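This is what each chain is made of:
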Amino acid sequence: MNDRIAQALTKLFDRHRIVFWYDARQDLRADYEALELPGVEKLELLNNEYGIKYRILRLQPEQKFLLYREGAQPADLDNWLLDVQLAQGEFRTDQVAIWLAELELGLEFTELVKGHVEFFQAIKRKDALKRLLKADDTAAQIRLKMLAVCTGSEPRMDAVLENLLQELAENREEKCRLLERCRLESFFWEQMTRCYGYQSDEPSIRDFAIELFKSCYAMTAGGRDTDESVRLSGDALVFLKRWKDSRQFEEGFEALSGECAEVLGIEQDLTKRDFRELVELDYFRLIDQKIVSDLVRAVAARTVSSGDVAIWVRQRRQGHWYKQYHHLYEAVDFAAQFIQMLGEVKLDMTSLAEGVQRYSHSWYRLDQLYRKFTYHVRMSNQASLMGSLTDQIENLYSNTYLLKLGDHFQTFVDRASRWDAFPVGCQKDFFEHWVQPFLRKDKKVCVIISDAMRYEIGEELLGLVRQEDRYAAELEPLLSMLPSYTQLGMAALLPNKALAIADNETGTVLVDDQSSQGTANRSKILQKALHGRGTAITAEGLMQLDRDASRELLKHNDVLYIYHNRIDHTGDKMHSEGQAFEAAEHTLEDIIRLIKKLTAANANNILVTADHGFIYQHRALEESDFSSVDAKGEVILYRDRRFVLGKGLSDASSLCKFTPEQLGLVGEVEVQLPKSINRLRLKGSGSRFVHGGAALQEVVIPVLKINKKRQSDVTSVEVDILRGASSVITSGQLAVTLYQSGSVTDKIQPRVLRAGIYTETGELISDCHDLTFDLTSDNPRERELQVRFVLTRKADDANGQEVALRLEEKHAGTSHYKEYKSLRYMMRRSFTSDFDF
């Protein structure tokens, strides 16, 4: 007890020179006599008040005094020291007085403390409150801070409410019970009425949660009964938006959103609505399910344009549930693009070379869209939902595009006397045409060869490389060798004078009479051609090297070939061929890592290419997809789904035969291919992922030329605020148009901004929007973004003042924001603005 008395008195003496102590119960004399306070003189009041008054005011005006009286305080008329007591401090020894002293609160807060005794009985709660208190706190502010302590939150009503809702979501009620024990519940519900307009005869957190979702849904979705459904204020909508975007309380929001959706019959309401009404709403998971479901049907029925789908999907990317449904949204978007492009494209050509050129200019995009669609459908795990659209895309891809293009191109393959597509380069000239120019300038070069990375994947890689700061890249098509299989493609990319398919059953290819099978043999060929200054390594081997070892490798070699194999490794196996498009996605990530690994080891010049492409159809193949006849001849050396190697091969109407001379090879091994996109029957191998034939998807391969610059070349797209007809805010909402000034490209990247309305003192008075500007459209109208801000109650305090719509951008790598742009408005709201909802 003595320690607590000493502590309380010490704090009083920090503020007062003279402190009165009335021992009303006459049980603390021993504590008084034992008390020792440095710099404080103790005096006992024993009918000596006049002399003490003279001493403390005249004789020792600087000295601190503790004036003790054993007994109650005299009546005011009998108290000779009343004027001194009123001007100085009083030490009380009842529990409430001790708590007040410990918290450094004045006597005016006595009733506050008496009203919440349970709260102050816990030392932890009392200490936590003390850390939050400020000298000018009002009773309401102190109670708000008590709410914060009980709920483990910051002293703001929205923070308190978030914690109570989280507790509700977790089916716990310890914090709510604590508020009741501490007699804070009535204050809490008063604040809920003041802040959010919530009123109920039987208030509870669960009842508020239901009312919150009900009112906010009605505010934004609208409907005939909107006025009756909205019982909360606009601040409730601002709170809901903040809450759903909080990472800390995300799981709680989602749990209560699901419960309230069921209570409110949201699923039944959504069935009556057009999905277009809902694209800006994200309070319930069911909204995304409704939009995705309707979009799938609309795209399949071709009742919406690709441009509209792209806009809707982009709007949904800002939503709370997008991550859970992004594969579905992306699949629908790619499906819409595929259907529109296929409807506009003309698959005509007048020569083999023109076919290759037109494919590399535009047709490849159909293969890319099909791959992206199929990948996202597989990743979504929603085969039933996507079933009808998937069937339609598969049918269009296989019959309207792949087969039709294959048949057209085959007519020119049949007429070709030599396998050539000038001016498009030939694969066997790769080293001379692409590698030697670096060597002639005494520059080193690294070549990444990714097995089966067809042209459209290379085109996507081009964009990814260009997005990286200080990286420049160019893409050109290359015509692969025939047959378009690994051993021949890999051999053709090496320095060579003569290529020959081995006269045996291995399918091995000889480069100047030396086997090119495997990394070790390819390394020997490079070393021989480059006089020991060239070598080969696998991608895995390179990634395992540390920076010093990587630099040493590049230092001792002018040419480094890196072999990467993920797509072909996955697609060539029957059990994994269905994962070919997932392998393509991983391949893009792998190659970006390889490029950065090489540049970190001081490589400046990098080429990326492939040995061949591939055909992939995700659907099960039909009888018509296979050649009607099998290859025959004097000697059959090697069979695959898309080619046969042999001698004296017999002519057949559904097969196309080439001599080695026609294919730029030496030796006597002939080649026979099934026409168009047909397969040969082969036991024990997959048939959906194939290569080796002459289809454009198999024989047009990418060559990317990449180099790293010394200076930054990436910028972010500019965004402007378009001022409307008025610069005055007169209601509870403000609609603003934000304009992305240019298209996003590889080097002009998206900009992410936070938008809100702030007072001159920097206080947020609206909801806050996180916005991503990533539009690629050339049409200026399609780069406009409409944003609606809902003002909070705090906006009333700014009436008649200037406020600012502020766009802020996060400092890279931090949680801090800096102002990007702003636009000033005058706040002039009348009482009618209270009726916005």
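Residues numbered from 1 in each chain as written. Predicted model: local features only at pLDDT ≥ 70, side-chain atom pairs only at ≥ 80, totals over all residues. Heavy atoms only, no water.

Q: Honestly, the overall build of the protein chain in this entry has me stumped. Any pointers?
A: Across its full length, the protein chain holds 31 helices and 30 strands. In terms of its C-alpha atoms, the protein chain occupies a principal-axis envelope of roughly 135 × 65 × 50 Å. A buried classification covers 54% of the 837 residues belonging to the protein chain. For the protein chain, the computed accessible surface area is about 38600 Å², with 46% contributed by carbon and sulfur atoms. Put simply, the protein chain has 110 plus and 128 minus side-chain charges, and the middle of one group is 4 Å from the middle of the other. (Helix = DSSP H or I, 4+ residues; strand = E, 2+ residues; numbered from the N terminus. Buried < 20%, exposed > 50% of the residue type's maximum accessible area, 1.4 Å probe, protein only. Areas by Shrake-Rupley, 256 points an atom, 1.4 Å probe, with all protein chains shown as cover. Lys, Arg positive; Asp, Glu negative; His and termini not counted. Charge placed at Lys NZ, Arg CZ, Asp CG, Glu CD.)

Q: Just to check I follow, could you spell out the packing of aromatic side chains for this structure?
A: The relative placement of two aromatic rings is captured by the distance of their centres and the angle of their planes. Evaluated as defined, the whole model comprises 33 aromatic pairs. On the basis of an interplanar angle of 40° and a centroid distance of 5.4 Å, the ring pair of phenylalanine 213 and phenylalanine 284 is categorised as tilted. Of the two residues, phenylalanine 213 is situated in helix α13 (residues 205–221) and phenylalanine 284 in the loop between α17 (266–271) and α18 (285–301); the sequence distance between them amounts to 71 residues. The class of phenylalanine 284 is buried, set by a relative accessible area of 1%. Ring centres of tyrosine 370 and phenylalanine 581 lie 5.9 Å apart, and the angle between their planes is 85°; this geometry places the pair in the edge-to-face category. With tyrosine 370 in helix α21 (residues 352–380) and phenylalanine 581 in helix α30 (residues 580–600), this pair connects stretches of sequence that are 211 residues apart. When the ring centre of phenylalanine 119 is taken as reference, the NZ or CZ atom of arginine 125 above it lies at 5.8 Å. Sitting above the plane of the tyrosine 825 ring, arginine 723 keeps its charged end 5.6 Å from the centroid. (Phe/Tyr/Trp six-rings, centres within 6.5 Å; stacked < 30°, edge-to-face > 60°. Lys NZ or Arg CZ within 6 Å of the ring centre and 35° of its normal.)

Q: Could you clarify how one ought to interpret the sheet that holds strand β28 (residues 784–790) in this entry?
A: The pairing of strands in a sheet happens through backbone hydrogen bonds and is either parallel or antiparallel. Taken together, the 3 strands give an open sheet; going across it, the order is β22-β24-β28, and neighbouring strands pair in antiparallel fashion. Edge positions in the open sheet fall to β22 (719–722) and β28, since each of these has one partner strand only. Strand-to-strand twist in this sheet, taken as the mean axis angle between neighbours without regard to direction, amounts to 30°. The pairing of strand β24 (residues 733–740) with β28 spans 7 bridges and is classified as antiparallel. Along β28, the bridge assignment pairs glutamine 733 with valine 790. (Pairing = 2+ DSSP bridges. Axes fitted to C-alpha atoms, helices over the stretch in contact; angles between N-to-C directions.)

Q: What is the right way to read the pattern of salt bridges from this model?
A: Once the charged atoms of two side chains with opposite charge are near each other, the side chains can pair. Within this structure, the stated rule accounts for 64 salt bridges. A salt bridge links lysine 241 to aspartate 767, with the shortest nitrogen-to-oxygen separation between them at 2.8 Å. Of this pair, lysine 241 sits in helix α15 (residues 234–244) while aspartate 767 sits in the loop between β26 (751–758) and β27 (769–773); the two residues are 526 residues apart in sequence, bridging distant segments of the chain. Accessibility expressed as a relative area gives 1% for aspartate 767, which makes it buried. Across the salt bridge formed by arginine 593 and aspartate 590, the nearest N and O atoms sit 2.7 Å from each other. In this pair, arginine 593 and aspartate 590 both sit in helix α30, 3 residues apart, roughly one turn of the helix. For arginine 593, a relative accessible area of 44% puts it in the partly exposed group. (Salt bridge = Lys/Arg side-chain N within 4 Å of Asp/Glu carboxyl O.)

Q: Honestly, the state of the cysteines in this entry has me stumped. Any pointers?
A: Throughout this description, disulfide means a covalent bond between two cysteine sulfur atoms. Using the criterion set out here, one finds 0 disulfides in the structure. With no disulfide of its own, cysteine 150 lies 4.3 Å from the sulfur of cysteine 182, the closest cysteine sulfur. Among the residues examined, cysteine 150 registers a relative accessible area of 6% and is labelled buried. (Disulfide = S-S within 2.5 Å.)

Q: Explanation requested: the sheet that holds strand β18 (residues 670–674) in the structure shown.
A: Spatially, the 4 strands line up as an open sheet ordered β15-β16-β18-β17, and their pairing is antiparallel. Where the open sheet ends on each side, the last strands, each with one partner, are β15 (633–639) and β17 (655–658). The average angle at which neighbouring strand axes cross in this sheet is 30°, direction not considered. Here 3 bridges tie strand β16 (residues 644–649) to β18, and the two strands are oriented antiparallel to one another. Across the sheet, residue leucine 645 finds its bridge partner in β18, namely valine 671.

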